[in-house]
Amino acid sequence: DVKVTQSSRYLVKRTGEKVFLECVQDMDHENMFWYRQDPGLGLRLIYFSYDVKMKEKGDIPEGYSVSREKKERFSLILESASTNQTSMYLCASSLTDNYGYTFGSGTRLTVV
Amino acid sequence: AQRVTQPEKLLSVFKGAPVELKCNYSYSGSPELFWYVQYSRQRLQLLLRHISRESIKGFTADLNKGETSFHLKKPFAQEEDSAMYYCASLEGGSNYQLIWGAGTKLIIKP
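All of the points below concern the structure found in this document.

## Comments concerning the sheet that holds strand β3 (residues 19-21) of chain B
Within a beta sheet, neighbouring strands are joined by backbone hydrogen bonds and run either parallel or antiparallel to one another.
All names here are of chain B.
Argument step 1. Across the sheet, which stays open at both edges, the three strands sit in the order β3-β8-β7 with antiparallel pairing between neighbours. Strand pairing shows two members of the sheet lacking a second neighbour, β3 and β7 (60-61), which therefore form its edges.
Argument step 2. Note: β3 against strand β8 (residues 72-74), three bridges, orientation antiparallel. Counted as the bridge partner of Val-19 is Lys-74 from β8.

Laid out in structure tokens, this is it:
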């Protein structure tokens, strides 16, 4: 029944490393999103994509990039990880209607 | 720009007491509003949508356009309701981007 899968639940990386977070959905959704979730700050949108090879910056895109080569897969890339990118990262997908989002279980990234 | 405000970061009530989680939005048109819930160690999931007018796990939420509010209510809280609750508003246009409140942590005391 799992519909949005994030490749790692926990990840520990060193400062300066390039980090890839993968997200796959099996619902044929057009839209995919990457958020980070921090206590007291709620969900903040990093990037989203409404079609293959299309991407839009969210509220906090600095230090991140994304890739969507196939409809079902949306990757978040931290070009050079820093300690302030330690966070819970959530992937979500949606149809282009108002049924809301389906979320993955999250990846807790720690940068040391 | 649209904004969703959840004024309480933390709400603590006793089991069996009524619960009201507040949410206010700033969209001037006809908003699409949602409540999401995240139980401990579980993924964020949709609780209810205002458009469907449904009651899920005893929770209801009524859209009040005059007060621009979409408060989440439950008459009798249960311990399993303890969770993080987020209110969200759907932004119109082609990208269908949700605007999120900061979330309210609900703790039900036994």
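## Digging into the interface of chain B and chain A
Argument step 1. Opposite the 19 residues of chain B that make contact, chain A presents 22 residues.
Argument step 2. At the junction of chain B with chain A, the criterion picks out zero salt bridges.
Argument step 3. For the side of chain B that touches chain A, the secondary-structure elements that each account for two or more residues are β5 (32-38), β6 (45-49), β9 (83-90) and β10 (98-100) of chain B.
Argument step 4. Among the elements that take part in the side of chain B that touches chain A, β5(B) stands out by supplying four residues, more than any other.
Argument step 5. For the side of chain B that touches chain A, the per-class residue count stands at eleven nonpolar, three polar and five charged.

## With respect to the packing of aromatic side chains
Argument step 1. Scanning the model with the defined rule gives 14 aromatic pairs over all chains in all.
Argument step 2. Measuring from centroid to centroid gives 6.2 Å for A:Tyr101 and A:Phe103, while their planes differ by 50 degrees, and the two rings are tilted. This pair shows no difference in class: A:Tyr101 is buried, exactly as A:Phe103 is.
Argument step 3. Above the plane of the ring of B:Phe14 lies B:Lys109, whose end atom (NZ or CZ) is 4.2 Å from the centre.

## A few points about the state of the cysteines
Argument step 1. Summed over the entire model, instances satisfying the criterion amount to two disulfides over all chains.
Argument step 2. Sulfur-sulfur distance for the disulfide between A:Cys23 and A:Cys91 comes to 1.9 Å. Across the S-S bond linking A:Cys23 and A:Cys91, the dihedral sits near -80 degrees, which makes this disulfide left-handed. Taken together, the residues A:Cys23 in strand β4 (residues 23-25) and A:Cys91 in strand β10 (residues 87-94) connect sequence positions 68 residues apart.
Argument step 3. Disulfide partner of B:Cys23: B:Cys87, at an S-S distance of 2.0 Å. Between B:Cys23 and B:Cys87 the disulfide shows an S-S torsion of about -65 degrees. By sign, it is left-handed. Placement of B:Cys23 in the loop between β3 and β4 (24-25) and of B:Cys87 in strand β9 is noted, with a sequence separation of 64 residues between them.
Argument step 4. On the accessibility criterion, B:Cys87 (0% relative accessible area) is buried.

What counts, and where the lines are drawn
Residues numbered from 1 in each chain as written. Chains lettered and ligands numbered in written order. Predicted model: local features only at pLDDT ≥ 70, side-chain atom pairs only at ≥ 80, totals over all residues. Heavy atoms only, no water. Pairing = 2+ DSSP bridges. Helix = DSSP H or I, 4+ residues; strand = E, 2+ residues; numbered from the N terminus. Contact = heavy atoms within 4.5 Å. Salt bridge = Lys/Arg side-chain N within 4 Å of Asp/Glu carboxyl O. Nonpolar A, V, L, I, M, F, W, Y, C, P; charged D, E, K, R; others polar. Phe/Tyr/Trp six-rings, centres within 6.5 Å; stacked < 30°, edge-to-face > 60°. Buried < 20%, exposed > 50% of the residue type's maximum accessible area, 1.4 Å probe, protein only. Lys NZ or Arg CZ within 6 Å of the ring centre and 35° of its normal. Disulfide = S-S within 2.5 Å.

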